[in-house]
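Observations on the model geometry
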Amino acid sequence: MSKKTNTEWWKKSVVYQVYPKSFQDSNGDGYGDLNGIRQRLPYLKELGIDVIWLNPIYASPQVDNGYDISDYRMIEPTFGTMEDFDALLAEAHAMGLKIILDLVVNHTSDQHKWFLEAKKSKDNPYHDYYIWKDEVPNNWGSSFGGSTWEYVPEVGQYYLHLFAKEQPDLNWDNPKVRQEVYDILRFWLDKGIDGFRMDVITLISKDPAYPDGPVIQNKAYGSYYAGCATGPHVHEYLQEMNREVLSKYDIMTVGEAPHTSADQAMDYTGADRGELNMVFHFDHMHLDYDENGKYARNRVKLTDLKKVFTEWDEKMRACGGWNSLYWSNHDQARAVTRFGDESPEYRVISAKMLGTALHMLQGTPYIYEGEEIGMTNAFFDKIEDYRDVEALDIFKDFTGRKGFSAKDTLELLRLKSRDNSRTPMQWSTEKNAGFTDGEPWIAVNENYKTINAEAAVKDPESVFFYYKKLVQLRHEMPVITDGVYKLLDADNEKVYTYLRKSEDETLLVICNFTKETIDYPVGDFVNADQGTLLISNYDDAPQQYADAIELKPYGAYVYEIK
Ligand code: GLC
């Protein structure tokens, strides 16, 4: 069992996110599984990461790919058995790798036994585990289409579901629900897991007034955030969870925090708050939204991105909290497609640049599976290729109510659908990219013949080896964990430049976010000509720089200033 004190090992760690359904299939059924992940541990060890975050692995009808859990103490059968999980955990630990799990407790599946009981009658002891209303109280729309309120004739009431109707929201105001959740936490922590990523944890406490929400992004319904994000008791509940369970283990916690500002995040992560270690915020994910929200053609403006990273750095430092750093995950497009340049000419170089810009910041970096080999969006061209409940809803809503053409909607899905990051991990040039011998549950990206892990680990110039070096530098150089961040050249729309400064070390990070070659007057911002090159994505980068440096397309340069 883990130690009691939190040794804050997560501050020096790099987390690798595994989407189990798409990582490695070991039995030919077309779904990734736990034994497949176990087979690939040596690959992750080679990359050098410290922690593996597994998306939900519990029994689930898979309406939302495992975020609809029907049994929190059972492994999803397509992923394997509890013995497989125990073997995976033991082997990972033996190799010095930690594992954190996804905790999904804002809602359950409608097939969870609590809900099956709850909907039988108002007197059922489980009825109050969920949120019921006699009338629809407001205009809220669920994340995956339709109202958040679903009628159950047996009880003559509506239950709340912020996500799909198969994902009813738990009633956290019921102390029994909270105790059930804490028992689930203990069950997994006592197995020796190393922490949790907590799904939409900022939404667990609802405003009892259930106020109408503003209708934004041309949606059909009002936004539920007004009555759910950082609700009246969320801090009280997280503090209780921490006091009763989390504080007793040497673990890490990262809360997914939709609709949470940096100011609000200080209350979730501040050193004296006794809540979470860090949160995933969405501020940089929202920068390319348009009037229709996420499904937009916009590209992120670099000055906006710098503002977000800088604000979060400042606020987390001020409260003694900690940042989580990510470009992508299972809900987002692929990093190189969205923030870099996926053209054959610049894919590798821009993927390395993005890695540099993020991994040199203060916080815990998260690598999403395939990012370390520069995997790109899927580029599905027909709606039948999509599997995600969100994509299918968007297609219906945009081509129906919003009047978009199918062609335009497909283009938006190709840019932003969550399925872009859910296509199988590309291991090799073999059939189905080496992911499965069977029929994959979602199509493999056609570019696997050129973009795959086997090729990457053979090529010292690959994104893989560059990421490996970034991880290694973090382990070796305390300034990457501790150094104070300072933004330079804030208004530059093409280049992101910052310092990381500790007492005896300073790093200068310069990243060209464009495909232009830029003559960069670095001497205008830092008065130091003793910089020695630490890492760059160009072999011929100057080992020392003078007053100016020529930045190659998507060039990334980190200098150590003595
Ligand atoms: C989170 C998950 C996402 C899921 C949703 C509902 O945002 O990351 O995949 O659909 O919560 O659980």
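It should be emphasised that the depicted structure is a prediction, and the values quoted were computed from it without experimental measurement. (Residues numbered from 1 in each chain as written. Predicted model: local features only at pLDDT ≥ 70, side-chain atom pairs only at ≥ 80, totals over all residues. Heavy atoms only, no water.)

1. Section: the pairing of strand β20 (residues 556–561)
- With 6 of its 6 residues buried, β20 lies for the most part within the structure.
- Judged by which residues are buried, β20 turns out to be covered on both faces: Ala556, Val558 and Glu560 on one side and Tyr557, Tyr559 and Ile561 on the other are all buried.
- The pairing of strand β16 (residues 506–512) with β20 spans 6 bridges and is classified as antiparallel. If you follow Leu508 over to β20, its bridge partner there is Tyr559.
- Relative to β20, strand β18 (residues 532–536) is paired through 4 bridges, and the arrangement is antiparallel. Across the sheet, the residue bridging to Thr532 is Glu560, located in β20. (Buried < 20%, exposed > 50% of the residue type's maximum accessible area, 1.4 Å probe, protein only. Helix = DSSP H or I, 4+ residues; strand = E, 2+ residues; numbered from the N terminus. Pairing = 2+ DSSP bridges.)

2. Topic: the packing of aromatic side chains
- Following the criterion strictly, the structure yields 41 aromatic pairs and no others.
- Taken together, a centroid distance of 6.4 Å and an interplanar angle of 25° make the contact between Trp140 and Trp149 stacked.
- You can call Trp140 buried: its relative accessible area is 0%.
- Exposure remark for Trp149: the relative accessible area of 4% places this residue in the buried category.
- Taking 5.8 Å as the distance between ring centres and 70° as the angle between the ring planes, the aromatic pair formed by Trp149 and Tyr210 counts as edge-to-face. (Phe/Tyr/Trp six-rings, centres within 6.5 Å; stacked < 30°, edge-to-face > 60°.)

3. Concerning the packing of helix α12 (residues 389–399) against helix α13 (residues 406–416)
- Relative to each other, α12 and α13 sit at 145°, their axes nearing to 9 Å. For the pair α12 and α13, the crossing hand works out as right-handed. Residue-level contacts link Ala391, Ile394, Phe395, Phe398 and Thr399 of α12 to Ala406, Thr409, Leu410, Leu412 and Leu413 of α13.
- Of the residues contributing to the contact of α12 with α13, the split by class is 8 nonpolar, 2 polar and no charged. (Axes fitted to C-alpha atoms, helices over the stretch in contact; angles between N-to-C directions. Left-handed = near helix turned anticlockwise from the far one by under 90°. Contact = heavy atoms within 4.5 Å. Nonpolar A, V, L, I, M, F, W, Y, C, P; charged D, E, K, R; others polar.)

4. Here we look at the pattern of salt bridges
- Taken as a whole, this structure holds 30 salt bridges when the rule is applied.
- Salt-bridge contacts for Lys11 lead to Glu8; the nearest nitrogen and oxygen are separated by 3.3 Å.
- Overall, Glu8 belongs to the partly exposed group, its relative accessible area being 33%.
- Among the ionic contacts, a cluster of salt bridges with common partners joins Asp64, Asp331, Asp388, Arg418 and Arg422. (Salt bridge = Lys/Arg side-chain N within 4 Å of Asp/Glu carboxyl O.)

5. Some remarks on the site of the ligand
- The local shell around the ligand holds 13 residues, among which Asp64, Asp199, Glu256, His330 and Asp331 are the closest.
- Within the contact set of the ligand, an oxygen atom lies 2.5 Å away from a side-chain nitrogen or oxygen of Asp331.
- For the ligand, the protein covers 95% of the area, taking 310 Å² as the surface of the free molecule.
- Grouping the amino acids of the shell around the ligand by side-chain chemistry returns 4 nonpolar, 2 polar and 7 charged. (Near = heavy atom within 4 Å. Polar contact = N/O pair within 3.5 Å; in protein donor to acceptor, adjacent residues only side chain to side chain. Areas by Shrake-Rupley, 256 points an atom, 1.4 Å probe, with all protein chains shown as cover.)

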